[in-house]
Amino acid sequence: MNVLIFGASGYLGSHIAQNLSRAGMDVTGISRSAAGDLIVQSAGATPMRGDLSEPQALLDAAIEHDAVIYTAQLDMQEEFDFLSSLTKKLSGAKKDLIFTSGTGILSQRTDGEWSEDTFAEHDDFVPSRYIGFRHVTENLVMSAGWTGAVRAMVIRPSMIWGNGGCGHMARFYKDAWEFGEVGYLGRGLNLYSNVHVEDLAELYRLALEKGSGGALYHAVAGELNNRTIAQAVAADAGVPSRSLDFDEAVERWGKFYTLIGMGVCSRSRAPRSRKELGWSPVHLDLLDDVGHSNYGKGSN
């Protein structure tokens, strides 16, 4: 199988490229720069220069591969437009397509409180008012799989961590280095369920090998609330942690991140991934990432 990865020089995309390359697949990764080329090459893949702002050449490249994985990050409308063009391009060509979404669309604003709600792959939910449009893109991709036009699937990761690449944890470390303390919103009992990036990359391989067209697969291995993470980071950095009210949080983190990162609860489960694909994550404790050198002072 030869696979094309959009976003291959990124945190998740490079781990997927490495996993698939080690499994014997021929992987090509889209890159926009010489630095990106090196990341793709270090993952065992072949870099291909391209930019999603000029999609035609990338669409032409996609049709030349057996499978296409999308892990890039675009504005949500631009993302929908590109995936619409991509599904049309691959339609009827007996190709595989995996679109990467995220459990942020399941999130509920709680301002630091815990929610008992947790969602499996096909549980009903109210899409997030902030990033819920991605659900439209999910349905676009899954519908292409339902019709059989392309073996299209959606993977919906929870918060990704591992190897010092967790953006949410980096935000707590940034607090430590810039403010001499680590903040969390309200009581800090809210959380995103989480998954290690290497376990997540393995799910992509299993989806290519065993997945069903039109399927949605969650990637979840554990959960830990924001206050506990903040306290662990603060202890590692040698600074205190404390609760922030909403106005303080917006002043520190900005309104958007306060609302979608620090102010919501997003709990999920992955029964379909485990049962249908045999996915079994092995990295279960997000606190194992605390103290990684990538979070060191000056790296943020």
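See the structure printed just above.
Residues numbered from 1 in each chain as written. Predicted model: local features only at pLDDT ≥ 70, side-chain atom pairs only at ≥ 80, totals over all residues. Heavy atoms only, no water.

A. Inspection of the sheet that holds strand β2 (residues 26–31) at higher detail. Overall, parallel pairing links the 7 strands, which are arranged β3-β2-β1-β4-β5-β7-β11 in an open sheet. In this open sheet, the two edge strands, each paired with only one partner strand, are β3 (46–49) and β11 (216–219). Ignoring which end each strand starts from, the neighbouring axes of this sheet average 20 degrees apart. Its contacts with the sheet place helix α5 (residues 134–147) against β5 (96–100), β7 (151–157) and β11, and it is angled at close to 145 degrees to β7. (Pairing = 2+ DSSP bridges. Helix = DSSP H or I, 4+ residues; strand = E, 2+ residues; numbered from the N terminus. Axes fitted to C-alpha atoms, helices over the stretch in contact; angles between N-to-C directions. Contact = heavy atoms within 4.5 Å.)

B. Layout of the pairing of strand β1 (residues 2–6). Where burial is concerned, most of β1 is hidden: 4 out of the 5 residues are buried. Note that β1 and β2 share 4 bridges and pair parallel. If you follow Leu4 over to β2, its bridge partner there is Thr28. A crossover links β1 with its parallel partner β2, the connecting element being helix α1 (residues 11–22), and its sense is right-handed. (Buried < 20%, exposed > 50% of the residue type's maximum accessible area, 1.4 Å probe, protein only. Right-handed = clockwise from strand over helix to strand, strands pointing away.)

C. Highlighting the packing of helix α3 (residues 55–62) against helix α4 (residues 76–90). Their axes nearest at 10 Å, the elements α3 and α4 cross at an angle of 35 degrees. Viewed along their axes, α3 and α4 form a crossing whose handedness is right-handed. Touching Pro55, Gln56, Leu59, Asp60 and Ala62 of α3 are Phe82, Ser85, Leu86, Lys89 and Leu90, all from α4. Among the residues forming the contact of α3 with α4, the class breakdown is 6 nonpolar, 2 polar and 2 charged. (Left-handed = near helix turned anticlockwise from the far one by under 90°. Nonpolar A, V, L, I, M, F, W, Y, C, P; charged D, E, K, R; others polar.)

D. Expanded view of helix α6 (residues 167–179). For α6, spanning 13 residues, the distance from its first C-alpha to its last is 18 Å, which sits close to the expected 18 Å at 1.5 Å a residue. On the buried face of α6, the contacting elements are β8 (159–161), β9 (182–185), α8 (226–237), α9 (246–253) and α10 (255–262). One or two steps after α6, the chain reaches Gly180, where phi turns positive at roughly 70 degrees. (Expected span 1.5 Å × (residues − 1).)

E. Representation of unusual backbone geometry in the model. In this structure, Lys94 is a non-glycine residue whose phi angle is positive, near 55 degrees. Residue placement: Lys94 occurs in the loop between α4 and β5. The backbone phi angle of Asn163 is positive, close to 60 degrees, even though this residue is not glycine. Here Asn163 is to be found in the loop between β8 and α6. Accessibility expressed as a relative area gives 34% for Asn163, which makes it partly exposed.

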